[in-house]
Each structure stands twice: as C-alpha cells, then as structure tokens.
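What follows is the residue order along each chain.
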Amino acid sequence: MKVLVAGGAGFIGSNLIDALLAEGHSVVCVDNFFIGTRKNIEHLHGHERFTFYEQDLADLAAVKQIFRKEKFDFVFHMAANSDIQASAAAPEVEYKNTYTTTFNILEAMRTEGVKRLFFCSTSAVYGDAQGAHVDENYAPLAPISYYGACKLGCEGLISAFTYMNDFHTLVFRFPNVIGPRLTHGAVFDFVKRLKADPTQLTILGDGHQCKPYLYVGDLVECITRFTKELPQGVTVYNVGGESQSTVTGIAQIVCREMGLKNVQFHYTGGRGGWKGDVPEFAYNLDKIHAAGWHASMTSDEAVARTVRDVL
Ligand code: NAD
C-alpha cells in the first residue's frame, strides 16, 4: 500500500513508519517539525519507499495537493499538539494542530477518494472519569484539557466524514506512550534533569499521580495488526496496559536505571501535575482484550525499558 503518516516525524509516528516500511509499504511522511524532529526520520533518508514533505497540515490547499499527487491507499493520522501542558497556556495551538489538521485530512480524503483511516485519539476524551466502567461507550465524554476537547471534536468530525463517505476508520484511545524518540513527559523530564543534576529531582504534584504507561513498540504492533482489515464505519478501541506506575515510582525506576543513589525528591504538592492533568487513570480494556490483544509489558517494565532507550 501507499500510506500517509501525518505527523510521522514525531515520537509514535516515526516508530510506526519503521514498522510500515518493514512490512513493505511505501510511506509518505508529512510533518512541519512543530514537535517532531529531523533526527527521528534521518535514518530513512534515501530509502526507496520513503518520501518526506515538510508541510503544515493546517494548510488545506497544500494538504489536498499532496493527496492529489500521491494517491494514498491508507492514512495514519498521528499529527497533533501532543504537549498538553504547553497548550494549557495557549489553546489555539490545539485548534490548529489537533483539530484543523484533522479536518483538513478528512476533507482531502473526501475529495480525493481515500477511504481508510487510522486516528490517534486519547484517554483525555474521558476527562476525569476513570475505572472499569469507562469503556468505549462511556458517556458523557467531558474532557478537562483543551487537548482532550479538540481530540473529541476530531472524533465527531471522523464520525460524520466516515458516515457520509463510507470510510473504514479505526480510532484508538490510549494513555501515556513511552519509548525511543520520546519528546516530553515525566520519564523524559526526569532523565534529562537527573543528567543535569544527579543529586536531586523536583517532582510536579504529590508523586501519587498514577497512570498506565504503554511501550511504543506494543502500540505500533497493535496499530499495524488492527489496520490490516478494517470494517466500514468507525471502530473505537481503548488501548493500553493493565498496570499503572506512580510518579514517585517512575522517579525511583529512573534513578535505578541510571545507577543513582540517595537522590533527594522535592514535591511541588497538589493532586495533579498541572491544571488539566488527570492525576489517576485506568479504563476498561475488555474490547481490545476480547479482540486478542494484550500489552507485552507492565507499566513499570515499559518505564524501565524507556529509560534505557533514551539514556
Ligand atoms: P509527537 O508530538 O511526537 O508527534 C506529533 C507530530 O505531529 C509531531 O511530529 C509534530 O511536529 C506533528 N505536527 C503537529 N502539528 C502539525 C501540523 N500543523 N502540521 C504538520 N505536522 C504537525 O506526539 P506523539 O507522542 O508521537 O503522538 C502521536 C499522536 O498520538 C498524536 O495525535 C497524539 O495526540 C496521540 N497520543 C499520544 C499519546 C502519548 O502519550 N504520546 C497519548 C495519546 C494520544
């Protein structure tokens, strides 16, 4: 297949491209390096089945031009503002990079006749709701971050475009993903700050924030497996691991993997790391489990592996 990976210079997108190329697909990556980097895709330079466009996906005319030229069979839409903490101070970043990029891709799919789509949604669409009852049909969906709100808006657009144009669409809602080429988040920050000062670490919140962390290799395997055959309409899955890691637990794993002892932890206090952060999270994974998929690593194993990846 000829596939578009929108946002493919980013963390998850670049890992997905490696897997898609390994499966024999031709990959066109479009990214404007808003968060992604040249370094993430530099190993693909000269690959005969890889093409790159440095392009802002919020520009509809340019997006349509790429679609007209490349004639895609499948679109993997990974582009978004992924730094939720940063957009808390500037919501328009979400409107442009999360919402508008999605509208433009859907509109280009409509006019150019592309029918198959994978979309990265997020557990942030559930807002503060958590627990075993939070399955794919949970309502009301009430996001508490601008990021979650724009992703939910994207899901609304995807529902309508899929219905109106007979698309085959897969939507994954997943929580924190970690692994090689990570750009932000607790694991990334802790490693970076402990490299600069191995004696102490400031931790946002009270350290009890507790979330599941999913290794990027597990997510990419799940994406490639479930996009092989897509039914018509929108299929939504919660995707994640069953276990969680606390922020203090992450700090301890990072110290252990870096061989650091007696590091002083300083807590800024409060329930969440920042406003819009969801301090504890777990949701229902019965649907993806019933479909035969389980994460291969626990959350703590994913954290430890990631520290070794990014060191
Ligand atoms: P990332 O920031 O590394 O990748 C997103 C890419 O999109 C970046 O390379 C960025 O430059 C690109 N991009 C953003 N706006 C663009 C624009 N206007 N034009 C062109 N390119 C643009 O983030 P990631 O962690 O790889 O996330 C990939 C997808 O998964 C995103 O949609 C994100 O919202 C979603 N997601 C990520 C996580 C996570 O923990 N990383 C969790 C849930 C959902």
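From a predicted model like this one, the values you see are computed outputs, not experimental measurements.

A.B. asks: I would appreciate a short explanation of the layout of surface pockets in the present structure.
C.D. replies: Over the atoms a probe the size of a water molecule is rolled, and this reveals where empty space is left. Approximately 180 Å³ is the volume found for the second largest pocket. Around the second largest pocket sit Thr37, Lys39, Asn40, Glu42, His43, Arg181, Leu182 and Thr183, which together line it. Considered class by class, the residues forming the lining of the second largest pocket number one nonpolar, four polar and three charged. Formed jointly, the lining of the second largest pocket draws a minimum of three residues from each of two domains, domain 1 (2-177 + 214-238) and domain 2 (181-212 + 243-280 + 296-310).

A.B. asks: Would you explain the nonpolar core in this entry?
C.D. replies: A general tendency of soluble globular proteins is for nonpolar side chains to be buried together. Counting residues in hydrophobic clusters, the biggest one holds 69 residues, and the most contacted among them are Phe76, Phe172 and Val239. Per element, the largest residue contribution to this core is seven residues, and it comes from helix α8 (residues 247-258). Structurally, this core is a two-domain feature, drawing no fewer than three residues from each of domain 1 (2-177 + 214-238) and domain 2 (181-212 + 243-280 + 296-310). Those residues within four positions of phenylalanine 76 in sequence are excluded, and the remaining contacts are Val3, Leu4, Val5, Ala6, Leu16, Leu20, Phe118, Ile223 and Thr227. If you look at the next biggest cluster of nonpolar residues, it comprises 26 residues, including Phe67, Leu106, Phe167 and Val171.

A.B. asks: Explanation requested: the side chain of threonine 98 in the structure shown.
C.D. replies: Note that threonine 98 resides in helix α4 (residues 92-112). Taking relative accessible area as the criterion, threonine 98 reaches 1% and is therefore assigned buried. A polar contact is formed between the side chain of threonine 98 and the side chain of glutamate 94, at a distance of 2.6 Å. Discounting residues that sit within four places of it in the chain, threonine 98 has contacts with Ala80, Asn81, Val93, Cys150, Lys151 and Cys154.

A.B. asks: Where do I start with the site of the ligand in this structure?
C.D. replies: Lining the immediate surroundings of the ligand are 30 residues, of which Ile12, Asp31, Ser82, Tyr147 and Lys151 lie closest. Here a nitrogen atom of the ligand and a side-chain polar atom of aspartate 56 are 2.8 Å apart. With respect to the ligand, the backbone of leucine 57 contributes an N or O atom lying 2.9 Å from a nitrogen atom. When isolated, the ligand has an accessible area of 810 Å², and the protein chains bury 96% of it. Of all the secondary structure elements, the ones that give two or more residues to the shell around the ligand are α1 (11-22), α4, β5 (116-122), α5 (146-165) and β7 (176-178). Considering only residue class, the shell around the ligand consists of 15 nonpolar, 11 polar and four charged.

A.B. asks: I keep staring at the domain arrangement of the chain and nothing clicks. Help me out?
C.D. replies: Partitioning the chain into domains gives domain 1 (2-177 + 214-238) and domain 2 (181-212 + 243-280 + 296-310). The interface is formed by 23 residues belonging to domain 1 together with 20 residues belonging to domain 2. Interface of domain 1 and domain 2: buried area, both sides summed, is about 1,800 Å²; carbon and sulfur atoms make up 52% of it. Sorting the residues of domain 1 by area buried against domain 2 places Phe11, Gln85 and Tyr215 first, and these three jointly supply 33% of that buried surface. Linking domain 1 with domain 2 are one salt bridge, by the criterion used here. Between aspartate 18 and arginine 181 there is a salt bridge, and its shortest N-O distance comes to 2.9 Å. Taken together, the connections running from domain 1 to domain 2 amount to seven residue pairs in polar contact (both at pLDDT 80 or more). Those elements that place two or more of their residues in the side of domain 1 that touches domain 2 are α1, α3 (84-87), β7 and β10 (213-215). Considering each element in turn, the side of domain 1 that touches domain 2 owes the most residues, four residues, to α1. Classifying every residue of the side of domain 1 that touches domain 2 by side-chain character gives nine nonpolar, 10 polar and four charged.

A.B. asks: What am I meant to see in the sheet that holds strand β4 (residues 74-77) here?
C.D. replies: Sheet strands pair by backbone hydrogen bonding; their relative direction is either parallel or antiparallel. What the seven strands build is an open sheet, ordered β3-β2-β1-β4-β5-β6-β11; its pairing is parallel. A strand with exactly one partner marks an edge of an open sheet, and here the two such strands are β3 (50-54) and β11 (233-238). Recorded for the sheet is a direction-independent mean angle of 15 degrees between the axes of neighbouring strands. Judged from the three bridges that link them, β4 and β5 form a sheet pairing that is parallel. When the bridges of β5 are listed, phenylalanine 76 appears paired with phenylalanine 118. On the sheet, α1 packs against β1 (2-6), β2 (26-31), β3, β4 and β6 (168-174) and is oriented at approximately 165 degrees with respect to β1. Here helix α7 (residues 216-226) sits on the sheet and contacts β4, β5, β6 and β11; the angle it forms with β6, its principal contact strand, is near 160 degrees.

What counts, and where the lines are drawn
Residues numbered from 1 in each chain as written. Predicted model: local features only at pLDDT ≥ 70, side-chain atom pairs only at ≥ 80, totals over all residues. Heavy atoms only, no water. 1 Å grid on protein atoms, 1.4 Å probe; cavity = no way out; pocket = protein on both sides within 12 Å on 5 of 7 lines; lining within 4 Å. Points joined across faces, edges and corners; volume = space filled by probe spheres on them. Nonpolar A, V, L, I, M, F, W, Y, C, P; charged D, E, K, R; others polar. Domains from an automatic or database assignment. Core = buried A, V, L, I, M, F, W, Y, C linked by side-chain atoms within 4.5 Å. Buried < 20%, exposed > 50% of the residue type's maximum accessible area, 1.4 Å probe, protein only. Helix = DSSP H or I, 4+ residues; strand = E, 2+ residues; numbered from the N terminus. Contact = heavy atoms within 4.5 Å. Polar contact = N/O pair within 3.5 Å; in protein donor to acceptor, adjacent residues only side chain to side chain. Near = heavy atom within 4 Å. Areas by Shrake-Rupley, 256 points an atom, 1.4 Å probe, with all protein chains shown as cover. Buried area = accessible area lost by both parts, 1.4 Å probe. Salt bridge = Lys/Arg side-chain N within 4 Å of Asp/Glu carboxyl O. Pairing = 2+ DSSP bridges. Axes fitted to C-alpha atoms, helices over the stretch in contact; angles between N-to-C directions.

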